[in-house]
Amino acid sequence: MEKKNIDWGELGFSYIQTDWRYVANYVNGVWEEGGLTAEADVVINECAGVLQYSQSCFEGLKAYTTEDGRIVTFRPDLNGQRMEDSCKRLEMPVYPKEKFVEAVIETVRANAAYVPPFGSGATLYIRPCMFASGPVIGVKPADAFQFRVFTTPVGPYFKGGVKPLTIRISDFDRAAPNGTGHIKAGLNYAMSLHAIVDAHNQGYDENMYLDAATHTKVEETGGANFIFVTKDNQVVTPKSGSILPSITRRSLMYVAKEYLGLETQEREISREELTEFAECGLCGTAAVISPVGKIVDHGREICLPSGMTDMGPVTKKLYDTLTGIQMGRLEAPAGWIQEIG
Ligand code: PLP
Ligand code: COI
């Protein structure tokens with residue numbers, strides 16, 4: 001199969017339309033048979049639930065080309081499970097995770113010409129999503145929905161690749177206790193847009209959100225979880241009911257323990273503790289692991305000892321091991337790699 005003529009090394013994290021997407025509609029209480037279509041535009045009624053009350057959720061995962069030329073994805077079953085969880089919380093019909101994985105495989109296979117070659121630094125980002133297509137005017141769930149999977153080739157999420165980021169502690173909150181922070185609802189991202197534009201205007205790469213109730217504990221950023229490395233090489237990540245259970249973070253914690261022999265802890269992390277860490281990283285499908293060099297707490301600069309030039313040594317080991325597993329260079333734990341072709 002011939003690859004598309006794309007300058008893979010120059011790709012940023014933006015949308016490039018690919019040839020095929022998978023679409024299934026929920027009508028009259030059942031999911032109709034889905035399939036591939038070339039049509040990238042969606043036509044829905046002006047009163048559709050997604051347009052009026054933001055009834056939507058999504059997922060994000062990637063397809064990789066391995067060194068020996070296979071196309072694979074990473075733990076798509078966990079994205080399928082998380083989308084089921086999102087649907088339940090948002091009163092949307094569950095799209096079964098087994099069918100989710102089939103739809104992902106079918107879409108990637110159809111767009112194989114867009115899967116960046118091994119070593120290019122780029123990947124094919126896969127975006128499954130679901131939205132309320134049926135009209136509602138009273139505040140209630142819609143009765144028609146669309147599930148869709150599309151793809152776009154991407155480079156690094158943060159400009160500059162692995163250059164350490166400067167982030168700020170945000171006064172805006174991302175998610176309330178007992179709210180929707182733990183699911184991948186579109187509304188979580190709509191309300192973070194003002195905070196991220198403001199952060200960028202002030203010269204920061206990202207926001208560090210604190211727990212909304214007390215502003216004393218570290219939560220996550222708008223699109224990634226945190227991992228920290230202590231001065232005695234423990235890998236620590238925040239525990240909270242209002243952050244997204246990142247698949248990358250869960251995988252990294254396993255890799256830290258089982259591949260690198262490091263101690264790991266998922267626990268509450270206080271804002272005051274930030275000065276104690278040796279390394280900090282943002283982790284997620286899009287972010288992979290992006291190192292943080294500086295955290296600014298209302299003018300107080302917290303400079304991570306790992307500095308502003310390179311990833312810290314433990315972060316680097318985690319990065320190399322995780323991407324080694326994803327690209328087929330290292331043996332993966334059972335069930336982590338889904339072959340596409
Ligand atoms: N946290 C938020 C708010 C996200 O949007 C994402 C991205 O999906 C993550 C964390 C990372 O999750 P994952 O590693 O499953 O991509
Ligand atoms: C992902 O990492 O897949 C996400 O959905 C994060 C998003 C901000 C791009």
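What counts as what
- Residues numbered from 1 in each chain as written.
- Chains lettered and ligands numbered in written order.
- Predicted model: local features only at pLDDT ≥ 70, side-chain atom pairs only at ≥ 80, totals over all residues.
- Heavy atoms only, no water.
- Near = heavy atom within 4 Å.
- Polar contact = N/O pair within 3.5 Å; in protein donor to acceptor, adjacent residues only side chain to side chain.
- Areas by Shrake-Rupley, 256 points an atom, 1.4 Å probe, with all protein chains shown as cover.
- Nonpolar A, V, L, I, M, F, W, Y, C, P; charged D, E, K, R; others polar.
- Disulfide = S-S within 2.5 Å.
- Salt bridge = Lys/Arg side-chain N within 4 Å of Asp/Glu carboxyl O.
- Buried < 20%, exposed > 50% of the residue type's maximum accessible area, 1.4 Å probe, protein only.

### Remarks on the site of ligand 2
Alright, step 1. In the region of ligand 2, the neighbouring residues are Phe13, Phe58, Gly60, Tyr125, Arg127, Tyr157, Lys184, Gly223, Thr285 and Ala286.
Alright, step 2. One nitrogen or oxygen atom from the side chain of Tyr125 is found 2.6 Å from an oxygen atom belonging to ligand 2.
Alright, step 3. Residue Ala286 places a main-chain N or O atom 2.8 Å away from an oxygen atom belonging to ligand 2.
Alright, step 4. Summarising the interface, the protein chains cover 89% of the accessible area of ligand 2, which totals 280 Å² for the free molecule.
Alright, step 5. Residue classes in the shell around ligand 2 are distributed as 5 nonpolar, 3 polar and 2 charged.

### Considering the state of the cysteines
Alright, step 1. Applying the stated rule across the entire model yields 0 disulfides.
Alright, step 2. Left without a disulfide partner, Cys283 is nearest to the cysteine sulfur of Cys280, which lies 9.6 Å away.
Alright, step 3. With no disulfide of its own, Cys303 lies 12 Å from the sulfur of Cys280, the closest cysteine sulfur.

### Quick notes on the pattern of salt bridges
Alright, step 1. Enumeration over the complete set of coordinates arrives at 14 salt bridges.
Alright, step 2. Put simply, Lys257 and Glu258 hold a salt bridge, and the shortest N to O gap is 3.8 Å.
Alright, step 3. The partly exposed category is assigned to Glu258, whose relative accessible area is 47%.
Alright, step 4. The partner of Arg267 in a salt bridge is Glu273, with the nearest N and O atoms 2.8 Å apart.
Alright, step 5. What makes Arg267 partly exposed here is its relative accessible area of 23%.
Alright, step 6. Overall, the relative accessible area of 19% leaves Glu273 in the buried class.
Alright, step 7. Through salt bridges that share partners, Asp68, Arg70 and Glu339 make up one connected network.

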